[in-house]
Amino acid sequence: MNYLAHAFLPREDDDLVLGGMLGDHVRGLRALVGYPFRIRQGIRLHRYIDRMTDAHPQVKDLLRVFPDPFRRYAGIIVDLAFDHELARHWERYSDQSLERFDEHLRSLLTAHERLVPPALKRFMAYADSRGLFEAYREESEMLHSLAGVGRRLRRANPLGEVAMIWPQVKGPCAETFEAIFPMIQSDVDAWIARRSITTGS
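A brief structural summary. (Residues numbered from 1 in each chain as written. Predicted model: local features only at pLDDT ≥ 70, side-chain atom pairs only at ≥ 80, totals over all residues. Heavy atoms only, no water.)

1. Focus on the overall build of the protein chain
Phase 1 of the analysis: Counting its secondary structure elements, the protein chain contains ten helices and zero strands.
Phase 2 of the analysis: Starting at the N terminus and ending at the C terminus, the protein chain contains elements arranged as α-α-α-α-α-α-α-α-α-α.
Phase 3 of the analysis: Relative to the globule expectation of 17 Å for 201 residues, the C-alpha radius of gyration of the protein chain, 16 Å, shows essentially globular dimensions.
Phase 4 of the analysis: Residues classed as buried in the protein chain amount to 50% of the 201 residues present.
Phase 5 of the analysis: Sequence-distant contacts in the protein chain: of pairs separated by 6 or more residues, those separated by 24 or more amount to 68%.
Phase 6 of the analysis: Element-wise, carbon and sulfur atoms account for 51% of the exposed surface of the protein chain, whose accessible area totals about 10200 Å². (Helix = DSSP H or I, 4+ residues; strand = E, 2+ residues; numbered from the N terminus. Rg over C-alpha atoms; globule rule 2.2 N^0.38 Å. Buried < 20%, exposed > 50% of the residue type's maximum accessible area, 1.4 Å probe, protein only. Contact = heavy atoms within 4.5 Å. Areas by Shrake-Rupley, 256 points an atom, 1.4 Å probe, with all protein chains shown as cover.)

2. Notes on a positive patch on the surface
Phase 1 of the analysis: A cluster of basic residues, R44, R51, R194 and R195, forms a positive patch on the protein surface.
Phase 2 of the analysis: Examined against the element boundaries, R194 turns out to sit in helix α10 (residues 166-194).
Phase 3 of the analysis: Residue classification places R194 among the exposed positions, given a relative accessible area of 54%. (Patch = residues over 30% accessible without salt bridge, like charges linked within 9 Å, V, L, I, M, F, W, Y side chains within 5 Å. Salt bridge = Lys/Arg side-chain N within 4 Å of Asp/Glu carboxyl O. Lys, Arg positive; Asp, Glu negative; His and termini not counted. Charge placed at Lys NZ, Arg CZ, Asp CG, Glu CD.)

3. A closer look at the pattern of salt bridges
Phase 1 of the analysis: The final tally for this structure, using the stated rule, is 13 salt bridges.
Phase 2 of the analysis: The shortest N-O distance in the salt bridge between R64 and D61 comes to 2.6 Å.
Phase 3 of the analysis: According to the relative accessible area criterion, D61 is partly exposed, its value standing at 45%.
Phase 4 of the analysis: In the salt-bridge network here, residues are joined through shared partners; they are D13, D15 and R38.

4. A closer look at the side chain of Q185
Phase 1 of the analysis: Position of Q185 among the secondary structure elements: in helix α10.
Phase 2 of the analysis: Discounting residues that sit within four places of it in the chain, Q185 has contacts with F8, L9 and R11.

5. Observations regarding the nonpolar core
Phase 1 of the analysis: In terms of nonpolar packing, the biggest core is built from 68 residues, with M21, F66, L86, L120, F123, F133 and F181 touching the most fellow members.
Phase 2 of the analysis: It is α10 that contributes the most residues to this core, ten residues altogether.
Phase 3 of the analysis: Excluding residues within four positions of it along the chain, F133 makes contact with Y3, L4, M21, A87, L98, D102, L105, R106, F123 and M124. (Core = buried A, V, L, I, M, F, W, Y, C linked by side-chain atoms within 4.5 Å.)

6. Considering the packing of aromatic side chains
The description of two aromatic rings rests on the distance between their centres and on the angle between their planes.
Phase 1 of the analysis: Considering all chains together, one arrives at 13 aromatic pairs under this definition.
Phase 2 of the analysis: Here F123 and Y126 contribute two aromatic rings whose centre-to-centre distance is 6.3 Å and whose plane-to-plane angle is 45°, an arrangement assigned as tilted. In this pair, F123 and Y126 both sit in helix α8 (residues 118-130), three residues apart, roughly one turn of the helix.
Phase 3 of the analysis: With a relative accessible area of 23%, Y126 lands in the partly exposed category. (Phe/Tyr/Trp six-rings, centres within 6.5 Å; stacked < 30°, edge-to-face > 60°.)

7. Side note on helix α2 (residues 14-22)
Phase 1 of the analysis: Across the nine residues that make up α2, a large majority, seven, are buried.
Phase 2 of the analysis: For α2, the complete set of buried residues consists of L16, V17, L18, G19, G20, M21 and L22.
Phase 3 of the analysis: Residues of α2 that are buried in the fold lie against α1 (3-8), α3 (37-55), α7 (98-111), α8 and α10.

8. Some remarks on the side chain of T176
Phase 1 of the analysis: When you line up the elements, T176 lands in helix α10.
Phase 2 of the analysis: Separated by 2.8 Å, the side chain of T176 and the backbone oxygen of P172 make a polar contact.
Phase 3 of the analysis: Leave out the neighbours within four places in its chain, and T176 touches Q58, V59, L62 and F82. (Polar contact = N/O pair within 3.5 Å; in protein donor to acceptor, adjacent residues only side chain to side chain.)

9. Thoughts on unusual backbone geometry
What is expected of a backbone is that most residues other than glycine have negative phi and most peptide bonds are trans.
Phase 1 of the analysis: That bond from D68 to P69 is cis: its omega, 0°, falls within 30 degrees of zero.
Phase 2 of the analysis: Along the chain, the position of P69 falls in the loop between α4 (57-63) and α5 (74-88).
Phase 3 of the analysis: A positive phi angle is found at R11, which is not glycine, with a value near 60°.
Phase 4 of the analysis: Along the polypeptide, R11 turns up in the loop between α1 and α2.
Phase 5 of the analysis: Residues other than glycine seldom take positive phi values, yet E12 does so here, at roughly 65°.
Phase 6 of the analysis: Topologically, E12 is positioned in the loop between α1 and α2.

As structure tokens, then:
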């Protein structure tokens, strides 16, 4: 899962949402110490979502659909493809508009600016320039984002050429997302309930 899904899955619990956004930028246990408890829980939830998604049999099957040399980077492609699918079908999963969710997410990050790592600030500046997350509804924007990720990687990679194989993998990506996302949401709800960190607790 990528930024949009990680921000959405905690169901509007601001501390967990913020932790979900920070998750890719906070490494190891020691790095958690500087964050308030509930934001730490959000970072842990981010890690749980990643482990659960990566281990899901249908996701593993999906990665095998990708031809060489894209298969090595299939996890990155699928992350962005899942955000694309979530944005495309947002109304299936949320009563709040994607536009309003996007506005709230930006306000949340601004209110906690001192906790936001430089890399996340750079991503959000990029998001502002491209009209994300709303723009993730468009295939062209998702492919543009993948090319940008590829340019930032040190090793030569084919992420700038995903458009070549997108017609053959878009269907499996969409089908897998539709099949597993409700299960992931249920697992996330259960994870939160087990830790008694629901809103207002």
